[in-house]
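A closer look at the structure
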Amino acid sequence: MGVSVDWRDITYAETFEAEVRGLQRRRASDPRCTLADLEGVLRHLYHMDGADWGGRGEVQDITLAATIAAYEQTIAQWKASG
């Protein structure tokens, strides 16, 4: 028996990895990118997440959750690295 991976897991993982890569590229190539910038975007993402009244849909919910997680991880790593 093979292991079946749900499309939701695939969508989350692909979105998370793409966001992390994008944030890493941005940090490396944009000297004006600050920790405060990423924290501001994360606050906006939290607001977007809380503003859904059932109309966003499952794919968008998964995508938003993965994006939030990527920002949280990137910010935590940035803070840990000094």
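These numbers were taken from a predicted model, which means no experiment stands behind them. (Residues numbered from 1 in each chain as written. Predicted model: local features only at pLDDT ≥ 70, side-chain atom pairs only at ≥ 80, totals over all residues. Heavy atoms only, no water.)

So, on to the overall build of the protein chain. The secondary structure content of the protein chain amounts to three helices and zero strands. If you line up the protein chain on its principal axes, its C-alpha atoms span 45 × 35 × 20 Å. Counting the 82 residues in the protein chain, one finds 26% classified as buried. With an accessible surface of roughly 5700 Å², the protein chain has 55% of that area assigned to carbon and sulfur atoms. Of note, the protein chain has its 9 positive side-chain charges centred 8 Å away from the centre of its 13 negative side-chain charges. (Helix = DSSP H or I, 4+ residues; strand = E, 2+ residues; numbered from the N terminus. Buried < 20%, exposed > 50% of the residue type's maximum accessible area, 1.4 Å probe, protein only. Areas by Shrake-Rupley, 256 points an atom, 1.4 Å probe, with all protein chains shown as cover. Lys, Arg positive; Asp, Glu negative; His and termini not counted. Charge placed at Lys NZ, Arg CZ, Asp CG, Glu CD.)

All chains considered together, the criterion is met by one aromatic pair. Plain terms: the ring middles of Y12 and F16 are 6.4 Å apart, the flat faces sit at 5° to each other, and that makes the pair stacked. Separated by four residues within a single helix, Y12 and F16 lie in helix 1 (residues 7-29), roughly one turn from each other. Note on Y12: relative accessible area 32%, which makes it partly exposed. When the ring centre of W78 is taken as reference, the NZ or CZ atom of R27 above it lies at 3.9 Å. (Phe/Tyr/Trp six-rings, centres within 6.5 Å; stacked < 30°, edge-to-face > 60°. Lys NZ or Arg CZ within 6 Å of the ring centre and 35° of its normal.)

Among the structural elements, I68 can be located in helix 3 (residues 58-81). Sequence-distant contacts of I68, defined by excluding residues within four places in its chain, comprise L42, L45, Y46 and D49. (Contact = heavy atoms within 4.5 Å.)

Before going further, it helps to spend a moment on the environment of C33. Tracing the chain through its elements places C33 in the loop between helix 1 and helix 2 (35-50). Given the relative accessible area of 8%, C33 is considered buried. Taking the C-alpha atoms as reference points, C33 and L23, ten residues apart in sequence, are found 9.7 Å from one another. Discounting residues that sit within four places of it in the chain, C33 has contacts with R26, L38 and W78.

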